Amino acid sequence: MPELPEIETVRMGLAPALERRRLTRIVTRRGDLRVPFPPRFAERLTDREVKRLWRRAKYLLAELDGGETLVIHLGMSGRVAVYAENLERRLGHYVYEPPPSGAGHGKHDHVVIETDAPARIVFTDPRRFGLMLLIESAALHRHPLFDGLGIEPLSPQFTAAHLERILEGRRAPIKAALLDQRTIAGLGNIYVCEALFRARISPRRQSSTIAGSRARALAAAIRSVLLAAIKAGGSSLRDYAKTDGALGEFQHHFAVYDREGAPCPRAQCKGKIKRIVQSGRATFYCPACQR
DNA sequence: CCCACGACCTGTGGGC
DNA sequence: TGCCCACAGGTCGTGG
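Residues numbered from 1 in each chain as written. Chains lettered and ligands numbered in written order. Predicted model: local features only at pLDDT ≥ 70, side-chain atom pairs only at ≥ 80, totals over all residues. Heavy atoms only, no water.

Participant: Describe the nonpolar core, listing the residues and the values that go with them.
Facilitator: In terms of nonpolar packing, the biggest core is built from 45 residues, with I174, L178, I184, L187, Y191, L218 and I222 touching the most fellow members. Elements with a minimum of two residues in this core: α4 (160–167), α5 (174–179), α6 (189–198), α7 (212–231) and β10 (281–285). Sort the elements by how many residues they give to this core and α7 lands first, with nine residues. Those residues in contact with I174, other than ones at most four positions away along the chain, are L167, L196, I201, S202, P203, R205, S207, I210 and L218. By size, the runner-up hydrophobic cluster in this structure holds 32 residues, among which are A17, L70, V82 and A84. (Core = buried A, V, L, I, M, F, W, Y, C linked by side-chain atoms within 4.5 Å. Buried < 20%, exposed > 50% of the residue type's maximum accessible area, 1.4 Å probe, protein only. Helix = DSSP H or I, 4+ residues; strand = E, 2+ residues; numbered from the N terminus. Contact = heavy atoms within 4.5 Å.)

Participant: Which residues make up the sheet that holds strand β8 (residues 131–136), and what values go with them?
Facilitator: Spatial ordering of the open sheet is given by β2-β3-β4-β8, a layout of four strands whose pairing is antiparallel. Taken across any chain shown, the strands that pair with only one partner, and hence form the sheet edges, are β2 (50–56) and β8. Each adjacent strand pair in this sheet contributes to an overall mean axis angle of 20 degrees, direction not counted. (Pairing = 2+ DSSP bridges. Axes fitted to C-alpha atoms, helices over the stretch in contact; angles between N-to-C directions.)

Participant: Lay out the protein's contact with DNA strand C in plain terms, naming residues and giving numbers.
Facilitator: Taken together, 24 residues lie around DNA strand C, and K58, H73, S235, Y257 and R281 are the ones closest in. Here, DNA strand C places atoms within 4 Å of the protein, and 56% of those atoms are sugar or phosphate. In the environment of DNA strand C, a base nitrogen lies 3.2 Å from a nitrogen or oxygen atom belonging to the backbone of L237. Elements represented by at least two residues in the surface near DNA strand C include exactly α6 and β10. Across the surface near DNA strand C, the residue classes tally to nine nonpolar, seven polar and eight charged. (Near = heavy atom within 4 Å. Polar contact = N/O pair within 3.5 Å; in protein donor to acceptor, adjacent residues only side chain to side chain. Nonpolar A, V, L, I, M, F, W, Y, C, P; charged D, E, K, R; others polar.)

Participant: Give a detailed account of the packing of aromatic side chains, specifying residues and quantitative values.
Facilitator: Enumeration according to the criterion identifies six aromatic pairs in this entry. With 5.5 Å between their ring centres and 80 degrees between their planes, F254 and Y257 make a pair best called edge-to-face. A relative accessible area of 9% places F254 in the buried class. Taking the centre distance of 5.3 Å and the plane angle of 70 degrees together, the rings of Y257 and F284 count as edge-to-face. With Y257 in the loop between α7 and β9 (274–278) and F284 in strand β10, this residue pair connects regions lying 27 residues apart in the sequence. A relative accessible area of 15% means that Y257 is categorised as buried. Lying across the ring of F197, R266 places its NZ or CZ 4.3 Å from the centre. (Phe/Tyr/Trp six-rings, centres within 6.5 Å; stacked < 30°, edge-to-face > 60°. Lys NZ or Arg CZ within 6 Å of the ring centre and 35° of its normal.)

Below is the structure:
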């Protein structure tokens, strides 16, 4: 479920159970996800306190006392569920109360973390493209996973001028450039398609031609689609997005994604949504109003 | 450096 | 009804 708005939704749902809480018990059910768990993973987490939970690109980052940060990526199919007992008023509205006895024992439940909230956090990932790492907090920005990442699209530094500069001289189609995490951090297939639609820009357009008013439209579209998706609790396709098990709602607001053949939702436009493949991934757009 | 593509893994939905 | 294959929110390594 995992682009920036979904990760941000998970972060907000997880924060009450993690921030300023102590990790009391960690269980891993296998040796690896996309990469092996770090050596002595459970021991290094046990009895640590989470100072803050933040996000960079599509990574969730739990900064621990003791100088390390727990890095979590959800890959394609990763999910996080929070089970908290009798904490409704303090923690928000968790639907699982008390936790079902089987919680954390599903076929693809790979990691279970308990905290003194008290809460049980279950990480599920059928495809195992996700990862969990421990990295020294002070060295995070120099770590290979993070040092080449592009700008955060919701930061004040993300402007049309910045966008124009990072697309300068690039020959790849704009769809591919926006998917590249070194250009902008956090966009994925859904929100790139949706942002290009909002900006009326063809996904096939050469990146370097996006300047001036087009850059302004695209920067604004990226920001607006991400904010709208976060407000809606992210998008739920086959799975649920939120830590309380409820579905995100933004999939009901897709203009183009997974809507091949549907009429273009833009007023006055007579176009029909088309599906093409770019660098191996599906792209959806309206050939009539996206240029 | 820049870009395209296949690989990684499991589940599911649609077509026959 | 059942089978098979194409495809799925992301990265990463390789090769041109």
